[in-house]
Amino acid sequence: MAWITHKFGGSSLADADCIAHVARLLVDRGDEQQAVVVSAMAGVTNELLALAAQAAANEGDWPGRLQQLLDRHLETGDALVQTPTGREALHNELQRRFGNLRQLLDSLALMGTTPSEVVELISGLGELYSATLLSAHLQSLDEEAVFVDARDVLRVRHTALMVAVDWPASRERLDALRQANPARRYVITGFICRTRDGRISTLGRNGSDYSGSIFGRLFGADEIHIWTNVDGLLSADPGAVPQAVLLDHLSYREAFELAYFGARVIHPQALSPAQEAAIPVFIRNTFNPDCPGTRIDSQGHPEPPVKGLSGMANMALITIEGAGMIGVPGTAERVFSALHRADISVAMISQSSSEHSICLVVPAADSHSASQVLEDAFDREIRHGQIQRIFSVPDIRVLAIVGEGMTGTPGVAARLFAALGRAGINVRAIAQGASERNISVAVDEADAERALKAIHAVFYLSEQTLSVGLIGPGQVGRALIEQLESTRERLLRDASLDLRLRGIASSSKMRLDDRGMRDIDPAAALGNQPETLDLKRFVDFIDDDHLPHAVLIDCTASADIARHYSDWLARGIHVITPNKHAGSGDLDTYRRLRGLLESHNARWRYEATVGAGLPVIQTLRDLIDTGDRVHRIDGIFSGTLAYLFNRYQAGMSFAELVSEASAAGYTEPDPRDDLSGTDVARKLVILAREMGLNIGLDDIEVESLCPSGLDDCDIDDFLAGLAGHDHSMAQRLVEADSEDKVLRYVASLDGQGRARVALEALPGDHPFAHLALTDNVVAFKTDRYCDNPLIVQGPGAGPAVTAAGVFADLLRVASHLGARL
């Protein structure tokens, strides 16, 4: 037999659609026997209680409100039952039940009060209505369905802790009902019951789940399925932690702990009858029946050690401090006895081993009363100075990590507190039971969301999960997106490296995705509905505490964006860029950036600023770090100019070659940055500073290839005007050809900081004379490479190779953070 509990609330479907959907699900299951417990339709219980209060107070048009509720159920019935005879019978039954309700409400109006028994009766009528509707609908489909009023079966007694079931009496009544009404399927009202002496009662809020578990045990069910509007129990509240994952297998004890600490899918007591009878419980989604949901049983599963994270909000921390408590037996007993007498529940306890203080977490609404009760209980000790103070800290949330696998697993607590420390969360109190199944911490409510995300990340995400933001989805940015997309799964599988591209920003728009973007169209990287760019919000979003590391990739050529690097590095955000402004700009600013790298655990990587994807800067670092001394660097550092002068031949238009290179993406956004020599000079400054030379752009002798008079026009006018200067460039080419030389734009730097960038005529046998199109080439002359310089050569321009250089830097940062690359 399968035991099924259905909740009709929480769906966007209309009432009739929801009930019809449930009916189809029941029919399609094909169980030999079914027992189905149902809840009231969405909002009905609250509406019934409001009607009772309004009638007793003789306020408002409660009869009209009652009629609206009846109409809602009649309309639902009309949609569920199509035959005239069946519809008439259903109408009569609903009108009879609502007639009884009207009599009750009239009585309340006469009495002017709401007796508790009447409230119990009225609050459970919604389940009667919904069970009536579901039974009628199933019968209209020629499906067997016996309506069962749980009050005819279930007998309970109320205790201080819970509603306890009278199992022998309930089982006897159920056996009698089944013998009188044998059937394949029973539709049973949830939530309602009677006490041992026959008084109408309820199982309390969320009582339908409890009813389901109770009847599952009474029927001897093989399984209990609790169908609701979510896929199952999640590792955390998805409203606070979007990365929450479905928990596929839990033990009863784990589920108890999570439910106690606020997991709203199931009430703690709902599992007790199932646990006692060792019946597996499945939490399933009515509207996603293909999802297996969460299985809860005696064994659970040892992995992962931490199953979930839950919490209780609206709490307060009460602390009792005093040297007079040290070594005094009975102090804790006096504390809890006083609170018990005041009917104050304690959610968490923490006591220092010195016995100097005891911390208690209580509901915020009880904090003032708790403090007063304890001050009264320890009045004498306070007056004699044995207890220094009793004080309350408001706005506390208790967070708990739960898992059977934590038992005997070293390092769980260390990971918990390391995550909180990295997120800057102050822990007010700590508690852990001897079972090691739960570790609880009390934190300030203002920090709670951040703490939730940080803790969840450390247990459910790879330690090498990087929150990545890309600024500049131009040609290089688009190529980088393609490379990230093509390698994402392999890096996650082979290196446990989770690169989450969570934000893309242009100069005016941005796109954010908390879970990380996938299957991005690089040509439309900002998506269909980008937001207006708010750079601060963009950076704050990427630097989210629930992910271990944040990286900003600047693929722009913007000096304005580069000015933000210092702020980002100071926050611990790693910065990766092909943007040369920060590395070659103001020397004091550069020194400040380098200083931030020393004082903050962040990386600034800029390999692609020189040579695109070529390992030019890395090679220079390796030489210096291994003790070699660099005497001279010569090179062709511009793929644009390499392309131009490799292709430039007699009879060609130099201006047309520049336009062609720009269209192919080989130039900077403004080709004047290449032709002026500024771009090459910036690269030379970056290399010089890597060598420890304190130089700037003004210290470099630069020959510009930009004709005068074209400095201030826009890019299109510049390209058009350049054609007027083809003759002068052609003349230099003729002169070089006449001497069997070639024109190359060469940068040179010596160990004393003397630097020059110029168009030179080189002999035909020079290493720089024979390059493939956009190749860059760099020659390092050092102590070790004095006679035969170390050469690094390869494509030095183009979106793909530049993006590859950026990607390589990203992987170097990830390797530093622990990725197994």
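Look up a bit, the structure's there.
Residues numbered from 1 in each chain as written. Predicted model: local features only at pLDDT ≥ 70, side-chain atom pairs only at ≥ 80, totals over all residues. Heavy atoms only, no water.

### Focus: the sheet that holds strand β5 (residues 163–165)
In a beta sheet, neighbouring strands pair by backbone hydrogen bonds and run either parallel or antiparallel. Read from one edge to the other, the open sheet built from 4 strands follows the order β5-β4-β7-β8, with strand pairing classed as mixed. Either end of the sheet is taken by a strand with one partner, and the two such strands are β5 and β8 (200–202). The sheet shows a mean angle of 55° between the axes of neighbouring strands, direction not considered. Of the pairings in the sheet, the one linking strand β4 (residues 155–158) to strand β7 (residues 192–195) comprises 2 bridges and is parallel in character. Along β7, the bridge assignment pairs arginine 155 with arginine 194. (Pairing = 2+ DSSP bridges. Helix = DSSP H or I, 4+ residues; strand = E, 2+ residues; numbered from the N terminus. Axes fitted to C-alpha atoms, helices over the stretch in contact; angles between N-to-C directions.)

### Side note on the side chain of glutamine 269
Positionally, glutamine 269 belongs in the loop between α9 (252–260) and α10 (272–277). Taking the relative accessible area as the measure of exposure, glutamine 269 reaches 12% and is therefore buried. Aside from chain neighbours lying at most four places away, what touches glutamine 269 is Met162, Val163, Leu203 and Tyr210. (Buried < 20%, exposed > 50% of the residue type's maximum accessible area, 1.4 Å probe, protein only. Contact = heavy atoms within 4.5 Å.)

### Observations regarding the sheet that holds strand β30 (residues 775–782)
An order of β27-β29-β28-β26-β30-β31 is seen for the 6 strands of this open sheet, with the pairing classed as mixed. Only two strands of the sheet have a single partner each, and these edge strands are β27 (700–702) and β31 (790–795). Each strand of the sheet is rotated relative to its neighbour by a mean of 25°, with strand direction disregarded. Each of β26 (630–636), β27, β28 (741–750) and β29 (755–763) touches helix α26 (residues 678–690); the most contacted strand, β28, lies at about 35° to it. Against the sheet, helix α28 (residues 726–738) touches β28 and β29, its axis set at about 95° to β28.

### Examining helix α27 (residues 715–722)
Every buried residue belonging to α27 is among Phe718, Leu719 and Leu722, and all of these are buried. Taken down its axis, α27 places every buried residue within 95° of arc, on the same side. Of the exposed residues in α27, those oriented more than 90 degrees away from the buried face are Asp716 and Ala720. The distance from a side-chain oxygen at the start of α27 to the backbone nitrogen of aspartate 716 is 3.3 Å, and the residue carrying that oxygen is aspartate 714. (Arc of directions from axis to C-beta. Polar contact = N/O pair within 3.5 Å; in protein donor to acceptor, adjacent residues only side chain to side chain.)

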